[in-house]
Amino acid sequence: MKRLLALGTSIGVLAGVLTWVGFSLPGAGTAAAVLVVWVGFAAWALFYAAGGGTGGLGKTVASTLSGVVWGWLIIQAATAAVAGGALVLGIAVAVGAFGMCVQAAWKPLAFIPGAFVGAACFFGTGASGAAVLASVVSLVVGALLAFASEKGADVIEPLLGKEPAATPTASRPA
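No experiment lies behind these values; they were computed from the predicted model shown.

So, how was this worked out
- Residues numbered from 1 in each chain as written.
- Predicted model: local features only at pLDDT ≥ 70, side-chain atom pairs only at ≥ 80, totals over all residues.
- Heavy atoms only, no water.
- Patch = residues over 30% accessible without salt bridge, like charges linked within 9 Å, V, L, I, M, F, W, Y side chains within 5 Å.
- Areas by Shrake-Rupley, 256 points an atom, 1.4 Å probe, with all protein chains shown as cover.
- Salt bridge = Lys/Arg side-chain N within 4 Å of Asp/Glu carboxyl O.
- Helix = DSSP H or I, 4+ residues; strand = E, 2+ residues; numbered from the N terminus.
- Buried < 20%, exposed > 50% of the residue type's maximum accessible area, 1.4 Å probe, protein only.
- Phe/Tyr/Trp six-rings, centres within 6.5 Å; stacked < 30°, edge-to-face > 60°.

S.K.: How should a nonpolar patch on the surface be read in this particular structure?
M.R.: Together, V13, V17, W20, V21, L25, V34 and L133 make up a nonpolar patch on the protein surface, roughly 610 Å² of accessible area in all. With 4 residues, helix α1 (residues 2-22) is the single largest residue contributor to the nonpolar patch. Its location among the elements puts V34 in the loop between α1 and α2 (37-49). Judged by relative accessible area, which is 32%, V34 ranks as partly exposed.

The following block contains the structure:
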């Protein structure tokens, strides 16, 4: 329980800071935002899903940024073949999804969920040139805050004192 209290405290404080800063910047809540809070939270979750630590940080940043690139490539391919409409977009997504899976053979990009979340964040922020910047900034900031929250919990946990001893239960006569 101590670890969860330490993580909750560290994550809570930093999540509040991310939200405050993200909604204080020009363009907050619009397609012009450079720091998109929900994208930062997505990267934060991926950091912990990837195992945390420096390894989780590396997996999260590399895989999510590759997903942004795949998302951008999908949009470029689909807009280059405008006449195909939804069919061309579907084919581009199929090729992109395939690529996000097979790139996992290369160790730095071996976290497939990160690639898909990175692409989803790119699409969710507008799938434009501005969305590339907003996605990259927000994913990196989110991953770095996740790393900082883990380190913060490492500092907070010893300050919480010892875990209370388990209360022994009396056995009942049969």
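S.K.: Explain the packing of aromatic side chains here, please?
M.R.: Note on aromatic pairs: each is described by the distance of the centres and the angle between the planes. Tallying each qualifying case throughout the model produces 4 aromatic pairs. Arranged with centres 6.3 Å apart and planes meeting at 85°, the rings of F47 and F147 form a pair that is edge-to-face. On the criterion of sequence distance, the pair formed by F47 in helix α2 and F147 in helix α6 (residues 129-159) is long-range, its members being 100 residues apart. Among the residues examined, F47 registers a relative accessible area of 0% and is labelled buried. Through a chain of ring-to-ring contacts, the aromatic side chains of F47, Y48 and F147 assemble into a single cluster.

S.K.: Please explain the pattern of salt bridges as it appears in this structure.
M.R.: Proximity of charged atoms lets side chains of opposite charge pair with each other. Going through the model one piece at a time under the given rule, you end up with 2 salt bridges. With a closest N to O distance of 2.8 Å, D154 and R3 form a salt bridge. Highlighted residues: D154 in helix α6 and R3 in helix α1, separated in sequence by 151 residues. On the basis of relative accessibility, which here comes to 26%, the residue R3 falls in the partly exposed class.

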